[in-house]
Amino acid sequence: MKPSVGRVVHYRSFGTPVGEYASECRAAIVAGVPEGALPVADAERAQEWDSDAVVVDLAVLNPTGLFFDRCPQSEDNHRGGTWHWPERTD
Ligand SMILES: [Zn+2]
C-alpha cells in the first residue's frame, strides 16, 4: 500500500530515555510524498531503514500541538520518528 497525500497514518513519537514519556502513536496526515527522498535527519543512516520504506512529509497531530517533519516508514519496529499504517483495532 503506497501512501498518498491526505491519508491518515500513525507517527511514532520519541520516548524519553529514562521513560518519563513513552513512545506513542500519534495521528498524522500525509502532507507530501517526495519522490526518492531520504529521511532528512537520517540520510547518512539510510541503509538502516527497510529497503521498501517510503519517506513522507507529515503533519503530526499531537494532543498539545502540530508539527511537521519528513519521516521514513517503519512497519516492523515502530521506532521513534517514523510513520506506519494504523494498527487494526477490530
Ligand atoms: Zn500505531
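Everything in this summary refers to the structure shown in the same document.

What counts and what doesn't
Residues numbered from 1 in each chain as written. Predicted model: local features only at pLDDT ≥ 70, side-chain atom pairs only at ≥ 80, totals over all residues. Heavy atoms only, no water. Phe/Tyr/Trp six-rings, centres within 6.5 Å; stacked < 30°, edge-to-face > 60°. Helix = DSSP H or I, 4+ residues; strand = E, 2+ residues; numbered from the N terminus. Buried < 20%, exposed > 50% of the residue type's maximum accessible area, 1.4 Å probe, protein only. Donors = N, O, S within 2.8 Å, 3.2 Å for Na, K, Ca; no water. Polar contact = N/O pair within 3.5 Å; in protein donor to acceptor, adjacent residues only side chain to side chain. Contact = heavy atoms within 4.5 Å. Salt bridge = Lys/Arg side-chain N within 4 Å of Asp/Glu carboxyl O. Core = buried A, V, L, I, M, F, W, Y, C linked by side-chain atoms within 4.5 Å.

Quick word on the packing of aromatic side chains
Right, on to step 1. The full count for this structure, using the stated rule, is 2 aromatic pairs.
Right, on to step 2. Where Tyr11 meets Phe67, the ring centres are 5.3 Å apart and the plane angle is 80°; that geometry is what we call edge-to-face. Placement of Tyr11 in strand β1 (residues 8–12) and of Phe67 in strand β4 (residues 65–71) is noted, with a sequence separation of 56 residues between them.
Right, on to step 3. On the basis of relative accessibility, which here comes to 4%, the residue Tyr11 falls in the buried class.
Right, on to step 4. Its relative accessible area of 28% is what places Phe67 among the partly exposed residues.
Right, on to step 5. Seen from their ring centres, Trp83 and Trp85 are 5.4 Å apart, and the 85° between their planes marks the pair as edge-to-face.

Remarks on the coordination of the zinc ion
Note on metal geometry: ideal angles are 109.5 degrees for four donors arranged tetrahedrally and 90 or 180 degrees for six donors arranged octahedrally.
Right, on to step 1. Around the zinc ion, the donor atoms from the protein are His10 (ND1), Cys25 (SG), His84 (NE2), Glu87 (OE) and Glu87 (OE), and they sit 2.1 to 2.4 Å away.
Right, on to step 2. Taking relative accessible area as the criterion, Cys25 reaches 28% and is therefore assigned partly exposed.

What about the side chain of His10?
Right, on to step 1. If you trace the backbone, His10 turns up in strand β1.
Right, on to step 2. What makes His10 buried here is its relative accessible area of 18%.
Right, on to step 3. Within the local environment of His10, its side chain forms a polar contact with the side chain of Glu87, the two groups lying 2.9 Å apart.
Right, on to step 4. With residues up to four places along the chain from it excluded, the contact list for His10 reads Cys25, Arg26, Thr82, Trp83, His84, Pro86 and Glu87.

Comments concerning the pattern of salt bridges
Right, on to step 1. In this structure the tally under the stated criterion is 2 salt bridges.
Right, on to step 2. A salt bridge links Glu24 to Arg26; its shortest N-O distance comes to 3.4 Å.
Right, on to step 3. A salt bridge links Arg70 to Asp57, with the shortest nitrogen-to-oxygen separation between them at 2.7 Å. One end of the pair, Arg70, is in strand β4; the other, Asp57, is in strand β3 (residues 56–62), and 13 residues separate them in sequence.
Right, on to step 4. On the accessibility criterion, Arg70 (29% relative accessible area) is partly exposed.
Right, on to step 5. The class of Asp57 is partly exposed, set by a relative accessible area of 22%.

Examining the nonpolar core
Right, on to step 1. Val9, Tyr11, Ala28, Val30, Val54, Val56, Leu58, Val60, Cys71, Trp83 and Trp85 form the largest nonpolar core, which has 11 residues in total.
Right, on to step 2. For this core, the secondary-structure elements that each account for two or more residues are β1, β2 (25–32) and β3.
Right, on to step 3. Sort the elements by how many residues they give to this core and β3 lands first, with 3 residues.
Right, on to step 4. Setting aside its immediate chain neighbours within four residues, Val9 contacts Arg26, Ala27, Ala28, Val30, Leu58, Trp83, His84, Trp85 and Pro86.

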